[in-house]
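Each chain, written out:
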Amino acid sequence: MQRAAVTPLVHAEQAVLGALFLDPDQLDRLDTWLRPEHFSRPAHSALYAAMLKLQAAEHPATTAPVGGPVTLAWITDTLQEASTHARGLTPSYPHLLISACPRPDHAPVYGRMVLEGAIHRSVAQHATRLHQAALADDRNGTVEETLHHTQVLSDVLTDLARAWGTEARPAQPPAAYAQQVAPPQPVSEQGLTDEEFLLGCLASRPEQLLDLVRWLHPDDFADPGHQQIYRALSALHHRGEAIDQLTVLWETQRRGALADGVLDSERVRRICDPLLGGAAEHFGEQVVQASLVHTATLTARQVGALADRDALAPGQLISYALHALGPLDDLRRRLRTARGAEREPRPSHGPPGAPSPSARSDAARARSRLTDTTLSAASTAVPRPASTGRRTHRSPS
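Residues numbered from 1 in each chain as written. Predicted model: local features only at pLDDT ≥ 70, side-chain atom pairs only at ≥ 80, totals over all residues. Heavy atoms only, no water.

A. Structural context of the packing of helix α1 (residues 8–22) against helix α2 (residues 42–56). Viewed as axis vectors pointing N to C, α1 and α2 meet at an angle of 25°, and their least axial separation amounts to 11 Å. Viewed along their axes, α1 and α2 adopt a mutual orientation that is roughly parallel. As α1 runs across α2, the sense of the crossing is left-handed. Along its contact with α1, which presents V10, E13, Q14, L17, L20 and F21, the element α2 presents H44, L47, Y48 and M51. Residue composition of the contact of α1 with α2, by class: seven nonpolar, two polar and one charged. (Axes fitted to C-alpha atoms, helices over the stretch in contact; angles between N-to-C directions. Helix = DSSP H or I, 4+ residues; strand = E, 2+ residues; numbered from the N terminus. Parallel < 35°, antiparallel > 145°, perpendicular 65-115°, else oblique. Left-handed = near helix turned anticlockwise from the far one by under 90°. Contact = heavy atoms within 4.5 Å. Nonpolar A, V, L, I, M, F, W, Y, C, P; charged D, E, K, R; others polar.)

Below is the structure:
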């Protein structure tokens, strides 16, 4: 049976441990930044942890004059301590490690190799956990685990940047590293129904757009046709124009959505049925949550693909991974806004309904905001018949 080839990372782990067996003084150059969990093999982690423990206990080998001979007790005591935490360590293994070390004085260089491997491994592991959390939330219709693991991955990247001695600054990877990954699973029928009902609510009661446009963006909709209808609604609302079945249909035509086949007239008119209505905020939040979960799935795959590239230096990997998290950070902020954690207070001065400066910036991004005065005129210009309750989908009370 052919034995698996030893990777460069395992060679580096062996070399740094061999250097420490030959020269315990090298621990002083490693102990502040190289940790046992940075080793990929449990036996190597146990040996390094044993060395740190003996160093803290002032083992004679670690307090002897620099350049003096290393006693056999340093090897045997390290092996005995490590054997209590890892199986399979034999008396011959330290000698194998010593023979794997080209030069003991290069221990910090070997240690940096071990840390580099640990950074790639840690990023990959946390990307996998984020991916699993997003898949579970997608099945359960929740978002909390995705939010938690997104924050964990962001914190891990910041900590790894500190450990490596680089700045945690997002950077867009070059085209060669922008690996294409498979798109997330299709949105459920319930998710598409939520989107359609939300658009019907907004078409029937366009005054609700005043709050939603601050945190609901067109790209949050999974269906391309729904994206186009929401863009049309937002554009009409932003310009203060009347909103009904025909005006929305006309706006989608002006934007080319009918010509390219994304939508057809009957579908637009059906979704914008004036007899439908309801509170839009709940369904808007559901749309943002679904967008966050599916974006997290794609982001986790992107970060995982980056972590698998051994050629990426740790600083590059961290920067590119932080850049990939950018869309998720934006979605988390907007979900907090949707949930009321970051509601903007109404201005205490100026024209009634005038948006604050931060609101205007959000409006520019989403083609959104309209003053209350204009909105009131638009919403009362054409009386709308009361809802017949024809659709069974109801917003929560």
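The structure having been displayed, the exposition proceeds.
B. Up close: the nonpolar core. Formed by 63 residues in total, the largest nonpolar core has its most connected members in L198, L216, I229, L233 and V248. Top contributing element to this core by residue count: helix α13 (residues 281–307), with ten residues. Grouped together as the second largest cluster of nonpolar side chains are 32 residues, A15, A19, L20 and I98 included. (Core = buried A, V, L, I, M, F, W, Y, C linked by side-chain atoms within 4.5 Å. Buried < 20%, exposed > 50% of the residue type's maximum accessible area, 1.4 Å probe, protein only.)

C. Seen up close, helix α15 (residues 326–338). Compared with the 18 Å implied by 1.5 Å per residue over 13 residues, the 19 Å span of α15 between its first and last C-alpha is a close match. For α15, the set of buried residues is L328, L331, R332, R334, L335, T337 and A338. (Expected span 1.5 Å × (residues − 1).)

D. Here's a closer look at the environment of G326. Its place among the elements puts G326 in helix α15. For the pair G326 and T299, spaced 27 residues apart in the sequence, the C-alpha separation amounts to 9.3 Å.

E. Region of the structure containing helix α14 (residues 314–324). A large share of α14 lies buried, amounting to nine of its eleven residues. Within α14, burial applies to P314, G315, L317, I318, S319, Y320, A321, L322 and A324. Tucked inside the fold, the buried residues of α14 contact α6 (107–140), α7 (144–164), α13 and α15.

F. Inspection of the pattern of salt bridges at higher detail. Using the criterion set out here, one finds 18 salt bridges in the structure. In this structure, E81 engages K53 in a salt bridge whose closest nitrogen and oxygen atoms are separated by 3.3 Å. Highlighted residues: E81 in helix α4 (residues 72–83) and K53 in helix α2, separated in sequence by 28 residues. Note that D219 and R231 form a salt bridge whose closest N and O atoms lie 3.1 Å from each other. In this pair, D219 sits in the loop between α9 (209–212) and α10 (224–239) while R231 sits in helix α10, placing the two residues twelve residues apart along the sequence. On the basis of relative accessibility, which here comes to 55%, the residue D219 falls in the exposed class. Connected through salt bridges with shared partners, the residues R239, E241, E251, R254 and R255 form a single ionic network. (Salt bridge = Lys/Arg side-chain N within 4 Å of Asp/Glu carboxyl O.)

G. Geometry of unusual backbone geometry. Positive phi values are uncommon outside glycine, yet E58 reaches one of about 60°. Along the chain, E58 falls in the loop between α2 and α3 (60–63). The class of E58 is exposed, set by a relative accessible area of 59%.

H. Quick peek at the layout of surface pockets. Roughly 750 Å³ of internal volume is contained in the largest pocket. Looking at the lining of the largest pocket, the elements with two or more residues in it are α6, α8 (189–204), α10, α13 and α15. Tallying contributions element by element places α13 first for the lining of the largest pocket, with nine residues. Among the residues making up the lining of the largest pocket, the classes are represented as twelve nonpolar, 13 polar and nine charged. (1 Å grid on protein atoms, 1.4 Å probe; cavity = no way out; pocket = protein on both sides within 12 Å on 5 of 7 lines; lining within 4 Å. Points joined across faces, edges and corners; volume = space filled by probe spheres on them.)

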